[in-house]
Amino acid sequence: MTRQLKNDIYGVYHLSPPAELNDIKTTVIRPATEKHIKKYLHQEVYLIQESGEDYKNITLPFIESQSFSIQWVYNILEKKAEADRIVYENSDPDNGFILLPDFKWNQKQVEDLYLIAISQKKGIKSLRDLTADHLPLLRNILKEGTEAILKRYGLRGNQLRIYLHYQPSYYHLHVHFTALGHDAPGITVERAHLLYDVIQNLEMDSRYYETRMLTYALREDEALLKSFKEAGKC
Ligand code: M7G
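Residues numbered from 1 in each chain as written. Predicted model: local features only at pLDDT ≥ 70, side-chain atom pairs only at ≥ 80, totals over all residues. Heavy atoms only, no water.

Visitor: Summarise the site of the ligand; cite the residues concerned and give the values.
Guide: Among the 17 residues in the neighbourhood of the ligand, the closest are listed as K39, E82, D102, H165 and S169. Between the ligand and K104 there is a distance of 2.8 Å, counted from an oxygen atom to a side-chain nitrogen or oxygen. One nitrogen or oxygen atom from the main chain of Y170 is found 3.0 Å from an oxygen atom belonging to the ligand. In isolation the ligand offers 580 Å² of accessible surface; the protein chains occlude 92% of this area. Listing elements by their share of the shell around the ligand, those giving two or more residues are strand 6 (114-119) and strand 8 (174-179). (Near = heavy atom within 4 Å. Polar contact = N/O pair within 3.5 Å; in protein donor to acceptor, adjacent residues only side chain to side chain. Areas by Shrake-Rupley, 256 points an atom, 1.4 Å probe, with all protein chains shown as cover. Helix = DSSP H or I, 4+ residues; strand = E, 2+ residues; numbered from the N terminus.)

Have a look at this one:
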């Protein structure tokens, strides 16, 4: 241990933890696409304000041409991968979902709990596709997902942050459940949409997410940002 600074009751030290405390959890993506590499590189970010029209004209064609493969999601739904990690399943083809630990969570402590609920129904790409028809699915995810987490991990609904990303990285509807005290990546106001709010907004207006302006950040060399620039939208 070496001391860098000491001032009154405050000290700053450099420590070299012993090997058993020095474990690093790693995720390996092999083969990684160019898009994967970009996702993990630091870059400047810029806000986009996407109208319903922009979504149809710019974002949707982009998603259809070059989004990440969602094979890993289908593997989970078809029990070809991670079947032993499933925490809860509602097998209804329209309103059901599978709840399991996100691969970012090592499952060792609930302080950074992170699970995802994946819709059984295919073809719901993101928040933009949601209408009042999806309320039963969203309510099931909220109620049954929360109950399953209480039962398995002892955290109550008021200790959880339950949200959807817009834009997501993977265009198959899924909901994030994280411990409220955990600053998980992607909980920023320009990306996370609380499930409580999503449900209320759809109850008020079935076309809410089809029509409203959605604001989010894009990284400097993301192709979608380029599409918005070419369309003179930013
Ligand atoms: P997202 O909002 O589409 O994108 O969330 P993000 O990754 O930019 O947040 C997808 C979520 O699924 C993320 O929280 C990922 O950590 C998680 N995830 C991604 N993959 C490829 C897997 C996987 O293979 N298994 C599990 N359990 N979780 C994954």
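Visitor: Lay out a negative patch on the surface in plain terms, naming residues and giving numbers.
Guide: A surface patch of negative charge is lined by E34, E44, E220 and D221. With respect to the helices and strands, E220 occurs in the loop between strand 10 (214-219) and helix 7 (223-230). (Patch = residues over 30% accessible without salt bridge, like charges linked within 9 Å, V, L, I, M, F, W, Y side chains within 5 Å. Salt bridge = Lys/Arg side-chain N within 4 Å of Asp/Glu carboxyl O. Lys, Arg positive; Asp, Glu negative; His and termini not counted. Charge placed at Lys NZ, Arg CZ, Asp CG, Glu CD.)

Visitor: For the pattern of salt bridges, give the residues involved together with the corresponding values.
Guide: This model, assessed by the stated rule, comprises 14 salt bridges. A salt bridge links K104 to D102; the shortest N-O distance between them is 3.9 Å. Since its relative accessible area comes to 40%, K104 is described here as partly exposed. As a salt-bridge pair, R207 and E210 come within 3.1 Å of each other at their nearest N and O atoms. Residue classification places R207 among the partly exposed positions, given a relative accessible area of 45%. Taking relative accessible area as the criterion, E210 reaches 28% and is therefore assigned partly exposed. (Buried < 20%, exposed > 50% of the residue type's maximum accessible area, 1.4 Å probe, protein only.)

Limitation: the analysis is restricted to geometry and does not speak to function.
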